[in-house]
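# What the coordinates show
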Amino acid sequence: MYTVKELARLTGLTPRTLRYYDGIGLLRPRRDRDNGYRLYGPEEVDRLQQILLYRELDLPLEEIRRILDAPDFDRTGALREHLERLLTRRRETDRLIRTVRGTLEEIEGGTTMTDQDKFQGMKARIIAENEAAYGQEAREKYGDEAVDGQNARLAGMSREEWERLQREEADCKAALRRAAEADDPAGADAQEAVRLHAAWLAHYWPAGAVTPQAHAGMAAMYVQDPRFAAYYDAVVPGGAAFLERAVRAYYGSRDQ
């Protein structure tokens, strides 16, 4: 059995953190019958290990509590899942380290990086940046499998696929700009922008996932989320709202 101070010393957490976990129902200690002290036995220590592992994956505490309290929670399965995610993260980090190291050597005159090495490092950097900016929110909303799959598809892109992705994104922006300036969400430029936008999403989403309903929902989310709205509004003022109108017009015309 561990007291609060003993468990804090063992794990590197503060006593205040352990008391907070108790207060929100995340980690309930036992109570000494004589003095009422918080005591932590093997079950509580195992649960704390799970909590700390999930925290390493940036999950919010309420989500961790919900997972651990689920009737079908499988500790062995969860540990295997943790291991796979950590290995994936390590592979991505290793690629970034190799890229940075190679770039430094190239700058200092030691070696010359191949275009392929630079390309692989760039994809790893984008995946890491996306995880930092949107990973936690996306995993809560869409699930780990969907986000991990998207990262895997990006990591596995060939240079040709990547260049096509970049062309489609640039062409989509150009068509969106023309359509918005003409204020015609149902016009030819708007339809081209929506088609290219769907093709762009298809590079990241699972096969067949870019349905009319899913595409319309994503476009509506762009308007509601300031981060995405800023991206499309930078293409053309009011770009996010116009894209949402164009997507609705595009699929509406196909229902007739």
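Residues numbered from 1 in each chain as written. Predicted model: local features only at pLDDT ≥ 70, side-chain atom pairs only at ≥ 80, totals over all residues. Heavy atoms only, no water.

## A few points about unusual backbone geometry
At Asp-183, a position not held by glycine, the phi torsion is positive, near 55 degrees. Inspection of the secondary structure puts Asp-183 in the loop between α8 (159–182) and α9 (188–202). (Helix = DSSP H or I, 4+ residues; strand = E, 2+ residues; numbered from the N terminus.)

## Considering the packing of helix α3 (residues 42–56) against helix α4 (residues 61–69)
Interaxial distance between α3 and α4 falls to 10 Å at its minimum, and their mutual angle equals 135 degrees. With respect to α4, the element α3 is oriented oblique. You can see that α3 and α4 cross each other, and the crossing is right-handed. On α4, the residues touching Arg-47, Gln-50, Ile-51, Tyr-54 and Arg-55 of α3 are Leu-61, Ile-64, Arg-65, Ile-67, Leu-68 and Asp-69. (Axes fitted to C-alpha atoms, helices over the stretch in contact; angles between N-to-C directions. Parallel < 35°, antiparallel > 145°, perpendicular 65-115°, else oblique. Left-handed = near helix turned anticlockwise from the far one by under 90°. Contact = heavy atoms within 4.5 Å.)

## Concerning the nonpolar core
Core analysis: the largest hydrophobic core is formed by 34 residues, its most contacted members being Leu-154, Trp-162, Leu-176, Trp-200, Tyr-222, Tyr-232 and Phe-242. Put simply, the parts of the chain that give this core at least two residues each are α6 (115–142), α8, α9, α10 (212–224), α11 (226–235) and α12 (239–255). Per-element tally for this core: the top contributor is α12, with seven residues. In this structure, Ala-8, Leu-18, Tyr-40 and Leu-57 belong to the second largest nonpolar core, which totals 19 residues. (Core = buried A, V, L, I, M, F, W, Y, C linked by side-chain atoms within 4.5 Å. Buried < 20%, exposed > 50% of the residue type's maximum accessible area, 1.4 Å probe, protein only.)

## Observations concerning the confidence of the model for the protein chain
Across the protein chain, the average pLDDT comes to 83, with 88% of residues at 70 or higher. Within the protein chain, the lowest mean pLDDT, 72, falls on helix α5 (residues 75–107), and the highest, 93, falls on α9. (pLDDT = per-residue confidence, 0-100.)

## Side note on the packing of aromatic side chains
Applying the stated rule across the entire model yields five aromatic pairs. Summarising the aromatic geometry, the rings of Tyr-231 and Tyr-232 are spaced 4.8 Å apart at their centres and angled 85 degrees between planes, so their arrangement reads as edge-to-face. Taken together, the ring pairs in this structure connect Tyr-222, Phe-228, Tyr-231 and Tyr-232 into an aromatic cluster. (Phe/Tyr/Trp six-rings, centres within 6.5 Å; stacked < 30°, edge-to-face > 60°.)

## A short note on the pattern of salt bridges
Applying the stated criterion across every chain yields a total of 13 salt bridges. Its salt-bridge partner being Arg-66, residue Glu-63 comes within 2.6 Å of it at the nearest N-O pair. You can see Glu-63 and its partner Arg-66 sitting in helix α4, three residues apart, about one turn around the helix. Residue Asp-225 is joined to Arg-227 by a salt bridge in which the shortest nitrogen-to-oxygen separation is 2.8 Å. (Salt bridge = Lys/Arg side-chain N within 4 Å of Asp/Glu carboxyl O.)

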